[in-house]
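Listed here are the chains, written in short residue letters.
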Amino acid sequence: GAVVSQHPSRVICKSGTSVKIECRSLDFQATTMFWYRQFPKQSLMLMATSNEGSKATYEQGVEKDKFLINHASLTLSTLTVTSAHPEDSSFYICSARGSGEKPVDGYTFGSGTRLTVV
Amino acid sequence: QKEVEQNSGPLSVPEGAIASLNCTYSDRGSQSFFWYRQYSGKSPELIMFIYSNGDKEDGRFTAQLNKASQYVSLLIRDSQPSDSATYLCAVIGGGYQKVTFGIGTKLQVIP
């Protein structure tokens, strides 16, 4: 089946620094990538949707200048948390979808990144 | 009103019993419905999907959908301790097929 590789799985960074999270689709072309954030005991909240080669669409309340999303190729999307602060500490998960697929076929999740900002 | 509502639980059932997990959604135009299982600290994994009204069975799992009542459920038969996890209900709606998740129901299967 489809596989999405997400790295790093865990990262600890100092407040004020930037962190990049990568998601790669290993055996399919990810035309759409969804980025989620999950705080403890809460549901996954969609942060943004990106289509290959175009600007990401951010959900209300998500700062596009703080959470930079790049989807420059059909197999790679990155999320950069800029000037991270402790309140950005969360579990970040990507989900990829291939072109022409039914919804159930395409929503493959990465393994998630646990970000801790100290 | 939340778009996808679930009772956060925990729902405790004895081993071997049937666990019943429920979910309601607000968007009448929703087309696709999913149940994901998420273990603590891990990413969600797809358990079941359902598009049409009625029941859909896969092994010990049965998904039930009632679009008129905007209600979807998941039954787990012969519950095992390994089924202990948080179960997320997810619904696809909107113009660009985004997935909206419920808060998840924590299931505890007691040996």
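For the structure, see preceding data.
What comes next is a walk through the structure. (Residues numbered from 1 in each chain as written. Chains lettered and ligands numbered in written order. Predicted model: local features only at pLDDT ≥ 70, side-chain atom pairs only at ≥ 80, totals over all residues. Heavy atoms only, no water.)

Considerations on the overall build of chain B
Thought 1: The number of helices and strands found in chain B is 0 helices and 11 strands.
Thought 2: Taken from the N to the C terminus, the helices and strands of chain B come in the order β-β-β-β-β-β-β-β-β-β-β.
Thought 3: In terms of C-alpha radius of gyration, chain B reaches 13 Å, essentially the compact-globule figure of 13 Å for 111 residues.
Thought 4: Burial statistics for chain B: of 111 residues in total, 42% are counted as buried.
Thought 5: Pairs at least 24 apart in sequence give 53% of the contacts found in chain B among residues at least 6 apart.
Thought 6: Carbon and sulfur atoms make up 48% of the accessible area of chain B, which amounts to about 5300 Å² in all. (Helix = DSSP H or I, 4+ residues; strand = E, 2+ residues; numbered from the N terminus. Rg over C-alpha atoms; globule rule 2.2 N^0.38 Å. Buried < 20%, exposed > 50% of the residue type's maximum accessible area, 1.4 Å probe, protein only. Contact = heavy atoms within 4.5 Å. Areas by Shrake-Rupley, 256 points an atom, 1.4 Å probe, with all protein chains shown as cover.)

Topic: the packing of aromatic side chains
Thought 1: Taken as a whole, this structure holds 9 aromatic pairs over all chains when the rule is applied.
Thought 2: Ring centres of Tyr36(A) and Phe101(B) lie 5.4 Å apart, and the angle between their planes is 85°; this geometry places the pair in the edge-to-face category. With Tyr36(A) in strand E4 (residues 30-38) and Phe101(B) in strand E10 (residues 98-101), the pair connects residues from two separate chains. Phe101(B) shares its class with Tyr36(A); the two are buried.
Thought 3: Look at Phe49(B) and Tyr51(B): their rings are 5.5 Å apart centre to centre, the planes differ by 45°, and that puts the pair in the tilted class.
Thought 4: Relative accessible area serves as the criterion here: at 27%, Tyr51(B) is assigned to the partly exposed category.
Thought 5: Put simply, the rings of Tyr36(A), Phe109(A), Phe34(B), Tyr36(B) and Phe101(B) pair up and form one aromatic cluster.
Thought 6: Just above the ring of Phe49(B) sits the side chain of Lys56(B); from NZ or CZ to the centre is 3.3 Å.
Thought 7: Sitting over the face of the ring of Phe61(B), Arg60(B) holds its NZ or CZ atom 5.5 Å from the ring centroid. (Phe/Tyr/Trp six-rings, centres within 6.5 Å; stacked < 30°, edge-to-face > 60°. Lys NZ or Arg CZ within 6 Å of the ring centre and 35° of its normal.)

Quick look at the environment of Ser20(B)
Thought 1: Position of Ser20(B) relative to the elements: it lies in strand E3 (residues 19-25).
Thought 2: Ser20(B) sits in the partly exposed class, given a relative accessible area of 37%.

What about the interface of chain B and chain A?
Thought 1: Across the contact, 20 residues belong to chain B and 22 residues belong to chain A.
Thought 2: Surface buried jointly by chain B and chain A totals about 1600 Å² across both partners, of which 60% is contributed by carbon and sulfur atoms.
Thought 3: The interface formed by chain B and chain A holds 0 salt bridges in total.
Thought 4: Viewed at the interface, chain A and chain B are joined by 4 residue pairs in polar contact (both at pLDDT 80 or more).
Thought 5: No other element matches the 4 residues that strand E4 (residues 32-38) of chain B contributes to the side of chain B that touches chain A. (Buried area = accessible area lost by both parts, 1.4 Å probe. Salt bridge = Lys/Arg side-chain N within 4 Å of Asp/Glu carboxyl O. Polar contact = N/O pair within 3.5 Å; in protein donor to acceptor, adjacent residues only side chain to side chain.)

Quick word on the sheet that holds strand E1 (residues 4-5) of chain B
Thought 1: In spatial order, the strands read E1-E3-E8-E7-E6 (chain B); together these 5 strands make up an open sheet with antiparallel pairing. Since the sheet does not close on itself, it has two edges, and those belong to E1 and strand E6 (54-58) of chain B, each with one partner. (Pairing = 2+ DSSP bridges.)

What to know about the nonpolar core
Thought 1: Core analysis: the largest hydrophobic core is formed by 24 residues, its most contacted members being Met33(A), Trp35(A), Phe67(A), Leu79(A), Tyr92(A) and Leu115(A).
Thought 2: Looking at this core, the elements with two or more residues in it are strand E2 (10-13), strand E3 (19-25), E4, strand E5 (45-51), strand E7 (67-73), strand E8 (76-81), strand E9 (90-98) and strand E11 (113-117) of chain A.
Thought 3: Leaving out residues up to four positions away in the same chain, Leu79(A) has contacts with Val19(A), Lys20(A), Ile21(A), Trp35(A), Phe67(A), Leu68(A), Ile69(A) and Tyr92(A).
Thought 4: Counting 23 residues, the second-largest nonpolar core is a separate cluster that includes Val4(B), Leu21(B), Leu74(B) and Val91(B). (Core = buried A, V, L, I, M, F, W, Y, C linked by side-chain atoms within 4.5 Å.)

A few points about the environment of Arg37(A)
All names here are of chain A.
Thought 1: Mapped onto the elements of the fold, Arg37 is located in strand E4.
Thought 2: Each C-alpha atom of the pair Arg37 and Ser90 lies 6.5 Å from the other, and the pair is 53 residues apart in sequence.
Thought 3: With residues near it in sequence (within four places) discarded, Arg37 still touches Ser43, Leu44, Met45, Met47, Phe67, Ser90, Phe91 and Tyr92.

Comments concerning the state of the cysteines
All names here are of chain A.
Thought 1: Taken as a whole and judged by the stated rule, the model has 2 disulfides over all chains.
Thought 2: There is a disulfide in this structure between Cys23 and Cys94, and the S-S distance comes to 1.8 Å. Here Cys23 and Cys94 share a disulfide; its torsion about the S-S bond, -95°, makes the bridge left-handed. Placement of the pair is Cys23 in strand E3 and Cys94 in strand E9, with a sequence separation of 71 residues. (Disulfide = S-S within 2.5 Å.)

Here's the deal with the sheet that holds strand E1 (residues 4-7) of chain A
All names here are of chain A.
Thought 1: Across the sheet, which stays open at both edges, the 4 strands sit in the order E1-E3-E8-E7 with antiparallel pairing between neighbours. Each end of this open sheet is capped by a strand with a single partner; those strands are E1 and E7. Averaged over neighbouring strand pairs, the angle between their axes works out to 15° when direction is ignored.
Thought 2: Where E1 and E3 come together, 4 bridges link them in antiparallel fashion. (Axes fitted to C-alpha atoms, helices over the stretch in contact; angles between N-to-C directions.)

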